[in-house]
Structure formats: C-alpha cells, structure tokens
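What the coordinates show
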Amino acid sequence: MNQGKILVVDDEESQRLILKRALEQDGYWVQTAENGRLAQAYLRENYFDICLIDINLPDVDGLTLMKEAKESGVDSSIIIITGRATMQNAVQAMKNGAFDYVTKPLDLDEIAVLVQRAAESRRLLDEFRKLKHEVKKSFEPGNIVGESAAMQKVFKTVGQVVNTDATILIQGESGTGKELIAKTIHYNSPRWNKPFIAVHSAAVPRELLESELFGHEKGSFTGALEKRIGKFELAEEGTLFLDEIGDIPLVLQTKLLRVLQEKEFSRVGGREILKANVRILAATNQDLERAVREKKFRADLYFRLKVIPIYLPPLRERKGDIPLLVAHFIEKIRRDMGAQISGVSPDALRLLEEHTWPGNVRELENTLIRAAVLSPGPILFPKDIALHPKESLAVPELDGLSLEELLHHKLEDYFRRTEGVDVDNLYSLVVERVERPLIELTLKKTGGNQIRAAQILGINRNTLRKKILELHITPKKG
Ligand SMILES: Nc1ncnc2c1ncn2[C@@H]1O[C@H](COP(=O)(O)OP(=O)(O)OP(=O)(O)O)[C@@H](O)[C@H]1O
Ligand SMILES: [Mg+2]
C-alpha cells in the first residue's frame, strides 16, 4: 500500500534510518538525503508528497532549502525538524510555508500522526485542484453554442479579452447566457485559479449591498456585530461578477466607480484603504442607456463599464442557433442526468424553432429537461414538449386530442377502412384550427390593425382580409 512519497533530509545517519524504517512500516515510500545539495537533486527529479527536513544541515540551512524548493515550484508539504524548539525557528518555519515542525529528540508517534495529517491534507488539496480543473473544463469555449453571426461576434470579443484585465459589460435579456459568458471569460483568463465571485445585486436588500460588496467593520451600523469581509476582498486576485448592475443604487454607484478608477476601497465604517486587485465583469438585462437618460444610472460609471461591451441577442433573433443548442442540451442532459434521450423528431424541432422563447436559452434548456424527464422514449415528439402557453402558439387541441393524436386516429381509420377518410377534410380541419388562433392572436396584439398584423405574419394584406372573412373572425378587444 503506497501512502505517498516522502523525502527525509537529515545529516545524522541513525536518524535517517529510524525515520525511514518507521515511515516505511506505515506504508510510505521513502527516499533519504544527507545534505541540502542531494536533497535539491532529488526534488528536481521526483515528486514528493511530504519532505521532512532537518534545520541543521552541513551545507545549507533547512529553512533556506525549504524556501528555495518552494520558489522553484516544489509543492510538497514540508515538516521541519529543529534541534531546539526556539521560538524563532518555529515562527520562521511556518512563515516560510512549512506544514508544521517537530523538535528533537524525535517522537516517532508524533511524527507518524503529523505525516498522516500532511498526507491527508495533500490528498484534499489534490482533490480540490482536480475539481477546479473540472470546473474550468466545463467552461471551455466549446461549451458555448452558437453559429449565428451575433454569437460569432461574441466569441471573437471573448477571445480578445480573456487575457486582459479589461472591465466588460455583458448585456442581454434574461436567460441569454450572460453568466455563462462571464464564467467562460474567468476560467480562461490568467486568473482562472483564483476565485470567481458573483454578486446578484437585485437579490441583496439595498441597505446591505454596500456591506455585501465592501465588507464592514464591527459596530459600523446597527446589526454589524462582527467584522465582515466583502465580495471585493473575497475576489482578490480573481474575478468579481456584478450581476444585475442596473439595480445598484446611485450612492453605491459612486463608490463602485471609485474602486474601478483607483483600485482601492474601504470597508463600511472603516478607515483603512484596501487595494483591490480584482477583475470586474458586469451584467445587466436592463437598458442601461435609458437608465442613464432617466438619471437612474451614473453616466460616468456606464461609460467606465462599457469600454468593452458584449451584447447577447435574444434567442428569437438567432433562431438558427436553436438546432445546435438543442443537440448540445440533449447531449448534456444525457451525460449529466443519465436520461435515456438521444434526439428530437423533425416536427418537434420545428416546434422548438417556431417558439419565441421569452426566457431565451434558459427556457429552451428547461423545456428540454422537462421533456426528457417526462417522455417515455429516447426521441422527443411534439407531444412531449410543453411550451410556455402565454407566449407560444401551441397547436390547439382538436376535440380534446392533440394534433398528433388526431392524425394517428385518422390514419388508423384510413388504413382500416377501405373507402378511406376524407383527407382534404383533415387538412383543412387542422389548418383552420391553427390559422384561426394565429390570426386572432395577432390581431389582438396589434389592436385590430390589419396592416401591421399582415406584416407580422408575413402575408399579404389581401390574403389576411380573405382569411378573416372565410373564417368569420371578428375582432376581439386585447
Ligand atoms: N450559447 C449557449 N450555449 C450553451 N448554453 C447556453 C448558452 N447560453 C446560455 N446557456 C445556458 O443557459 C442557461 C442560462 O444562462 P445564464 O444563466 O448564463 O443566463 P443569464 O443571461 O445570466 O440570465 P439571467 O439574466 O436570468 O441571470 C445556463 O444553463 C447556460 O449554461
Ligand atoms: Mg444571470
């Protein structure tokens, strides 16, 4: 059983042997070195989980050896062995980044416990790093889907800004992928290994937002019982995502502008000036330009934020992306949820392409998840897909049957009966049922204006007028 690799650096041979034997008994693989020079050579060649380093070495001081090793990228957990427990050595060891220190004469039980702890924390650290890499992988640019010209433009901008610290304003309706873009920028930037911290401004009560962002000192306001670290400090060296920035009150906008310009701030109720090494990504689904005109948003902050703007168009304006997104989500649902789903039927896809998606990509994703969970087979048919009724023109039921069910019954009839059913009748029956609500709804939305309704429907005005007469449609009040 290999518990990990350990390097023991000690000039006393008996000491080295005792440690080696004890640690090997506990299942570790052990290498020994009698001086600093040899230790350095081993560290260059091999990876060690843990190093036990005597502070008194013939050629180099153990603390210096540790420091140099760390600087050259060795990231083993280091335990320093000191002759005497002088306060100075102990402090210095910990300051230089030692995992811990032990004093001579060595207590093997103490060492066993310490080494075990170091190995455990190493495993946790490795685990954490692996997780971080996995998170990073899930934000590879390939996971953002879009063929449309608008999305290609977005990708290009993202590519241009990932390696910079530029502030970026991401605009788009709800569910268009603003947070996805923000995370993709972060996880592909040099800051990826540092925190990505999001502040959802609209979700935080206004009076607490300042403290949420900048932290506060103990007693700075009623209820501030403890000192609190704000998101700016938590995001240090990383990225701060200011979501729904349009909801930040004017007073706070001023403070925010100062951080953006001076790169410093202070906690609420505090005098200390803190440096902010943070990259800011902001997002909003509001029309900030209008907010500026209405004096709800500071113009200077707006211009400071939108140095590099990214605009995500609503899904209804890039319907060509729908098939690709559907394929992407089907694959994701199968992978992440283990759902037995492999695709959508052509008419189901058409249904998805025709929907206006007021909730944009998120609504599409949720619709597919719901359908995948509820559908009996691996292919999604129109009947499996429930669209938001308010905005969609769902095919109305025919005598209590869905369009597909009706078709099914009619076809069954057709093949059973030799004389056949009246197919023309079926055609006009279905078309009429679809046409009627389509025209009625459009007229309702245009307040009965036939010219605009015809424009929206993309049909000739005379055709529309003819249909209205044919179907006996009477204008309804919207
Ligand atoms: N182009 C895309 N490719 C793949 N997935 C996408 C794309 N755009 C959005 N998504 C997915 O859609 C969902 C919604 O995206 P996101 O949360 O980023 O939207 P948002 O603009 O921040 O919405 P809101 O304004 O409501 O917060 C997420 O699951 C995201 O992964
Ligand atoms: Mg969002």
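Since the structure is predicted, the reported quantities are computational estimates derived from the model, not experimental observations. (Residues numbered from 1 in each chain as written. Chains lettered and ligands numbered in written order. Predicted model: local features only at pLDDT ≥ 70, side-chain atom pairs only at ≥ 80, totals over all residues. Heavy atoms only, no water.)

Moving on to helix H6 (residues 149-161). Given a rise of 1.5 Å per residue, 13 residues ought to cover 18 Å, and the 19 Å separating the end C-alpha atoms of H6 matches this to within 8%. For H6, the full list of buried residues reads Met-151, Val-154, Thr-157, Val-158 and Val-161. For H6, the angular spread of buried residues about the axis comes to 115°, placing them on one side. Along H6, exposed side chains directed more than 90 degrees from the buried face belong to Ala-149, Lys-153, Lys-156 and Gln-160. (Helix = DSSP H or I, 4+ residues; strand = E, 2+ residues; numbered from the N terminus. Expected span 1.5 Å × (residues − 1). Buried < 20%, exposed > 50% of the residue type's maximum accessible area, 1.4 Å probe, protein only. Arc of directions from axis to C-beta.)

Take the site of ligand 1 next. Taken together, 19 residues lie near ligand 1, and Val-145, Ser-174, Gly-175, Lys-178 and Glu-365 sit nearest. Contact between ligand 1 and Gly-177: an oxygen atom at 3.1 Å from a main-chain N or O atom of the residue. Coverage of ligand 1 by the protein amounts to 85% of the 640 Å² it exposes when considered alone. Going through the elements one at a time, helix H7 (178-187), helix H13 (322-337) and helix H15 (360-374) are the ones with two or more residues in the shell around ligand 1. For the shell around ligand 1, the residue count by class is seven nonpolar, seven polar and five charged. Taken together, domain 2 (164-313) and domain 3 (319-457) each give at least three residues to the shell around ligand 1, which thus spans both. (Near = heavy atom within 4 Å. Polar contact = N/O pair within 3.5 Å; in protein donor to acceptor, adjacent residues only side chain to side chain. Areas by Shrake-Rupley, 256 points an atom, 1.4 Å probe, with all protein chains shown as cover. Nonpolar A, V, L, I, M, F, W, Y, C, P; charged D, E, K, R; others polar. Domains from an automatic or database assignment.)

Moving on to the nonpolar core. Phe-232, Leu-240, Leu-242, Ile-245 and Phe-297 are the most contacted members of the largest nonpolar core, which has 31 residues in total. Taken together, the elements giving at least two residues each to this core come down to strand S7 (196-200), helix H8 (206-214), strand S8 (239-243), helix H10 (250-262), strand S11 (279-284), helix H11 (288-293) and helix H12 (299-305). When residues of this core are assigned to their parent elements, the largest contribution, five residues, is made by H10. If you look at the next biggest cluster of nonpolar residues, it comprises 21 residues, including Ile-330, Ala-339, Val-361 and Ala-371. (Core = buried A, V, L, I, M, F, W, Y, C linked by side-chain atoms within 4.5 Å.)

A separate point is the packing of helix H1 (residues 13-25) against helix H5 (residues 108-138). Interhelical geometry of H1 versus H5 gives an angle of 55° and a closest axis separation of 11 Å. In terms of axis orientation, H1 runs oblique to H5. The chirality of how H1 crosses H5 is right-handed. Within the contact between the two elements, H1 uses Ile-18, Leu-19, Ala-22 and Leu-23 and H5 uses Leu-108, Ile-111 and Val-115. For the contact of H1 with H5, the class distribution of residues is seven nonpolar, no polar and no charged. (Axes fitted to C-alpha atoms, helices over the stretch in contact; angles between N-to-C directions. Parallel < 35°, antiparallel > 145°, perpendicular 65-115°, else oblique. Left-handed = near helix turned anticlockwise from the far one by under 90°. Contact = heavy atoms within 4.5 Å.)

Here we take up the sheet that holds S8. Reading across the sheet, the five strands line up as S7-S8-S11-S6-S12 and stay open at both edges, with parallel pairing between neighbours. Two strands bound the open sheet, and with one partner strand each, they are S7 and strand S12 (308-312). On average, each strand axis in the sheet is inclined to that of its neighbour by 20°, with strand direction left out of account. Pairing analysis gives four bridges linking S8 to S11, with the strands arranged parallel. Note that in S11 the partner of Leu-240 across the bridge is Ile-280. Running over the sheet, H7 touches strand S6 (168-172), S7, S8, S11 and S12 and is turned about 155° from S6. (Pairing = 2+ DSSP bridges.)

Where charged atoms of side chains with opposite charge meet at close range, the side chains can pair. Here the structure, examined in full by the defined rule, presents 29 salt bridges. The residue Lys-104 makes a salt bridge to Asp-10 at a minimum N-O spacing of 3.9 Å. Here Lys-104 is found in the loop between strand S5 (100-103) and H5, whereas its partner Asp-10 is found in the loop between strand S1 (5-9) and H1, with 94 residues between them in sequence. A relative accessible area of 0% places Asp-10 in the buried class. (Salt bridge = Lys/Arg side-chain N within 4 Å of Asp/Glu carboxyl O.)

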